Amino acid sequence: MDLNNTKTAFCHLSDKELRRNRFVFGLIRRPILTKMLTKIAKNVVEYNLPLKFLIRKTVYNVFCAGESGDVVLQKMAEMHLSGVNSVLDYVAEGENSEECFSQNLDKILINIELCDQAAPGQFIGVKPSSLTDCEKLKSYGEENLSLEEICEKVEIIGLVDKMTKICERAKAKGVYVYFDAEEFLTQGYFDSIVKSLMKQFNKKDVVVFNTLQLYMKDRIEYLQELIEEFESENIKLGVKLVRGAYLEQERELAKIQNRPSPVYNEKFETDEAYDHAVHLCLKNNQFVYTCLATHNKCSIELGVRLIQDLNIHNHYSCVFFSQLYGMSDNLTYNLAEFHYNSSKYIPYGELTKAIPYLIRRADENTAMNDQSGREYELLNEEYKRRKKRD
Ligand SMILES: Cc1cc2nc3c(=O)[nH]c(=O)nc-3n(C[C@H](O)[C@H](O)[C@H](O)COP(=O)(O)OP(=O)(O)OC[C@H]3O[C@@H](n4cnc5c(N)ncnc54)[C@H](O)[C@@H]3O)c2cc1C
């Protein structure tokens, strides 16, 4: 399997879309340009500048699937034809009111319906922070409350209700739920809730997955505990493995609060922890269902190698691979071509609400210069291949 086969990787892009993606990755691999564009994007929203069409035609269309359910459904159907599944993710970040939390819940429930309409075996992504007041949750940590006291708090009760409703609806429709991992200071609450939901909903088949960020120093130990506990209780464990998206934020906050940083200092330590987690999960594939959510080619190759070495014949139903929409299509589409369970996280939603997500993607691609460089090189290679063909 050649994970760099560009013909397969970009089979879903028209010539025009290929040129657009090549142009965008050409821009965001330059840090100064990204800084400038990020500033413009923030001003477009804040001052309602008439430049939204520019954002829509470029970064929005590269990293987001569309604004409405209908458009997204069409995209999901196209991807499914290439063997790629969808992880539907409504983008709504940084909003903090009860009204917004319940609107977000409604959107998530609609996503389940969309998945159900699109094809069997689809996924939704859920950010627990989009359903509750995270600042309130963080303040409980400072009050030194007992677990019982925390469980009685209205935010926790409301959050558990919302997350349970999502799992009930997803189970009824045969849709998998990935709960995303977020900031260290709230993750402990989300871990506890998702663990109890897995025990409730993963008895026969897997429905619920928690996300583990392997840049956190404590995750391997936590994963080992989960594996032991779920095996002894005969429950399916669903884990989505990521490296972690909030590295600098975690380090800065730990410094400000004068506590040790929860994340590793060096990239190779995160990489080692990620590989270790992949080994642990795949070795226990009889009851551990694993999603390798990464753009790292070595991690994907490790997953594929272990599937072969461990003779995981039913890997389509217990090992999943996922990348973000607009990124690493070479991995997603080549894995799908060789019948691995391959998927894309598909963010969608109104442009103005998607701006924080888009800024994060642009920053991430700029910070990981080799990532955006690699994307650009692959797009360029395909661009040249098509030109030669014509
Ligand atoms: C489908 C999908 C779903 C995702 N869901 C989530 C989620 O729920 N929560 C979340 O937090 N992130 C999520 N991410 C983002 C993910 O955590 C990574 O930020 C991103 O994918 C880059 O990591 P990588 O494994 O793809 O690639 P790589 O380029 O190999 O790794 C980059 C990552 O390595 C780590 N790293 C870099 N430098 C250092 C250093 N000096 N010390 C220690 N570690 C370092 C960081 O985590 C960085 O993001 C998701 C990604 C994908 C593809």
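Here, every reference points to the structure presented above.
Residues numbered from 1 in each chain as written. Predicted model: local features only at pLDDT ≥ 70, side-chain atom pairs only at ≥ 80, totals over all residues.

K.L.:
What am I meant to see in the site of the ligand here?
P.N.:
Near the ligand, the surroundings consist of 27 residues, among which Asp180, Val242, Arg243, Ala245 and Ala293 are the closest. Elements that contribute at least two residues to the shell around the ligand include exactly strand E4 (208-213), helix H13 (267-283) and strand E7 (319-324). Of the residues belonging to the shell around the ligand, the class tally is 12 nonpolar, 11 polar and 4 charged. (Near = placed C-beta within 6 Å. Helix = DSSP H or I, 4+ residues; strand = E, 2+ residues; numbered from the N terminus. Nonpolar A, V, L, I, M, F, W, Y, C, P; charged D, E, K, R; others polar.)

K.L.:
What exactly am I supposed to notice about the packing of helix H9 (residues 154-173) against helix H10 (residues 184-201) here?
P.N.:
The description of two packed helices rests on the angle between their axes and on the distance between the axes. For the pair H9 and H10, interaxial distance at closest approach is 11 Å and the crossing angle is 35°. As for how H9 packs across H10, the hand of that crossing is right-handed. Contact with H9, carried on its side by Ile156, Leu159, Val160, Met163, Thr164, Cys167 and Lys171, involves Tyr189, Ile193, Leu197 and Phe201 of H10 and no other residues of that element. Here the residues of the contact of H9 with H10 are counted per class, giving 9 nonpolar, 1 polar and 1 charged. (Axes fitted to C-alpha atoms, helices over the stretch in contact; angles between N-to-C directions. Left-handed = near helix turned anticlockwise from the far one by under 90°. Contact = placed C-beta atoms within 7 Å.)

K.L.:
Mind showing me how you'd approach the packing of helix H11 (residues 219-233) against H13 here?
P.N.:
Running from amino to carboxyl end, H11 crosses H13 at an angle of 10°, the nearest separation of the two axes being 10 Å. Our classification of the angle between H11 and H13 gives roughly parallel. Of H13, the residues touching H11 (which contributes Arg219, Ile220, Leu223, Gln224 and Ile227) are Ala273, His276, Ala277 and Leu280. Tallied by class, the residues present in the contact of H11 with H13 amount to 6 nonpolar, 2 polar and 1 charged. (Parallel < 35°, antiparallel > 145°, perpendicular 65-115°, else oblique.)

K.L.:
Sorry if this is basic, but what is going on with the pairing of strand E5 (residues 237-242) here?
P.N.:
The side chains of a regular strand alternate, residue by residue, between the two faces of the sheet. Across the 6 residues of E5, 5 count as buried, placing the element largely inside the fold. Two strands pair when backbone bridges link them, and E4 and E5 are joined in this way by 4 bridges, in the parallel orientation. When the bridges of E5 are listed, Gln213 appears paired with Val242. In the classification by handedness, the crossover that spans E4, the intervening H11 and the parallel E5 is right-handed. Bridging between E5 and strand E6 (residues 288-293) involves 5 bridges; their strand directions are parallel. In the strand pairing of E6, Gly238 is matched with Tyr289. (Buried ≥ 20, exposed ≤ 12 C-beta atoms within 10 Å, placed from the backbone. Pairing = 2+ DSSP bridges. Right-handed = clockwise from strand over helix to strand, strands pointing away.)

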